[in-house]
Amino acid sequence: KEAFGLFFAAVYACGICLFMKLLACALQQKVIGEGMSHLVSVRQAVQINSDFMRTFKLLLSDKGVSRQKVALLCGGPDWPTS
C-alpha cells in the first residue's frame, strides 16, 4: 500500500503543482500578455504610463539581480510586469 510513504507523496504533489504553476504562468504571458499587449484599452487599464509603472520599468531595467528587482517581481502586480 505505502510504496513511497507520506514524504515522497508530498514531494511528488509539490513537484506536480510547481510544474502546473509554471506552465500556467508561461501560457498566460505568451497567449494573453503578448496577444493583447498592442491594444490601447489594455495599456490604459494597466496604466502603463503612470509614475508607478515608470518606476517599475526603471528599476527592472538595471543590470543584474538585486533585492529591489526580486521584491518588485514577487510583490508587484502580475500583469504589468509580465
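The structure this text deals with has already been given above.
Residues numbered from 1 in each chain as written. Predicted model: local features only at pLDDT ≥ 70, side-chain atom pairs only at ≥ 80, totals over all residues. Heavy atoms only, no water.

## Comments concerning the overall build of the protein
What counts, and what does not: Numbering of helices and strands runs from the N terminus; a helix is a DSSP stretch of H or I covering at least four residues, while a strand is a stretch of E covering at least two. Throughout, radius of gyration means the C-alpha value; the globule benchmark is 2.2 Å times the number of residues raised to the power 0.38. Throughout this description, buried means an accessible area under 20% of the type-specific maximum (1.4 Å probe, protein chains only), exposed means over 50%, and partly exposed covers the range between.
Tallying secondary structure elements over the protein gives five helices and zero strands in all. Mapped from its N terminus to its C terminus, the protein presents α and β elements in the order α-α-α-α-α. The C-alpha atoms of the protein give 18 Å as radius of gyration, which overshoots the globular expectation for 82 residues (12 Å, by more than 25%). Along the first, second and third principal axes, the C-alpha set of the protein runs to 60 × 30 × 20 Å. Counting the 82 residues in the protein, one finds 10% classified as buried.

## What about the packing of helix H3 (residues 51-60) against helix H4 (residues 67-75)?
Counted only if it meets this: Fitting a line to C-alpha atoms yields each axis, with helices limited to the stretch in contact; the angle taken between N-to-C directions then spans 0 to 180 degrees. Each angle receives one of four descriptions, namely roughly parallel if under 35 degrees, roughly antiparallel if over 145, roughly perpendicular if within 65 to 115, and oblique otherwise. Left-handed describes a crossing whose near helix is turned anticlockwise from the far helix through less than a right angle; right-handed describes the clockwise counterpart. Only heavy atoms enter the contact rule, under which two residues are in contact if any of them lie within 4.5 Å. Only Asp, Glu, Lys and Arg are considered charged, only Ala, Val, Leu, Ile, Met, Phe, Trp, Tyr, Cys and Pro nonpolar, and every remaining residue, Gly among them, polar.
In the contact formed by H3 and H4, the axes pass within 9 Å of each other and the chain directions differ by 135°. In terms of orientation, H3 lies oblique with respect to H4. The interaxial crossing formed by H3 with H4 has left-handed handedness. Touching Phe56, Leu59 and Leu60 of H3 are Lys69, Leu72 and Leu73, all from H4. When grouped by side-chain class, the residues that make up the contact of H3 with H4 number five nonpolar, no polar and one charged.

## Observations concerning the pattern of salt bridges
Quick note on the threshold: A pair is scored as a salt bridge if a Lys or Arg side-chain nitrogen falls within 4 Å of a carboxyl oxygen belonging to Asp or Glu.
Under the criterion given, the structure shown has one salt bridge. When the shortest N-O distance is used, the salt bridge between Lys30 and Glu34 registers 2.9 Å. Taken together, the residues Lys30 and Glu34, both in helix H1 (residues 5-36) and four residues apart, mark about one turn of the helix. Using a relative accessible area of 48% as the deciding quantity, one classes Glu34 as partly exposed.

## Considerations on the side chain of Lys69
Applied cut-off: For the charge count, each Lys or Arg is scored as positive and each Asp or Glu as negative, with His and the chain ends excluded. For the purposes of these results, a polar contact is taken to be a pair of N or O atoms within 3.5 Å, where, inside protein, one atom must be able to donate a hydrogen and its partner to accept one; residues adjacent in sequence count only when each atom of the pair is a side-chain atom.
Within the secondary structure, Lys69 sits in helix H4. Buried and unpaired, Lys69 has no salt bridge, with Asp62 as the nearest side chain of opposite charge at 6.6 Å. In terms of polar contacts, Lys69 uses its side chain to reach the backbone carbonyl oxygen of Asp62, at 2.3 Å. With residues near it in sequence (within four places) discarded, Lys69 still touches Leu59, Leu60, Asp62, Lys63 and Gly64.

## Structural notes on the packing of aromatic side chains
This is how the line gets drawn: Stacked, tilted and edge-to-face are the three classes applied to pairs of Phe, Tyr and Trp rings, where Trp contributes its six-membered ring and a pair requires centres within 6.5 Å; stacked means planes under 30 degrees apart, edge-to-face means over 60, and tilted covers the rest.
Applying the stated criterion to the full structure yields two aromatic pairs. The interplanar angle of 75° and the centroid separation of 5.4 Å between the aromatic rings of Phe7 and Phe8 together place this pair among those described as edge-to-face. What makes Phe7 exposed here is its relative accessible area of 60%. For the ring pair Phe52 and Phe56, a centre distance of 4.8 Å and an interplane angle of 45° mean the geometry is tilted.

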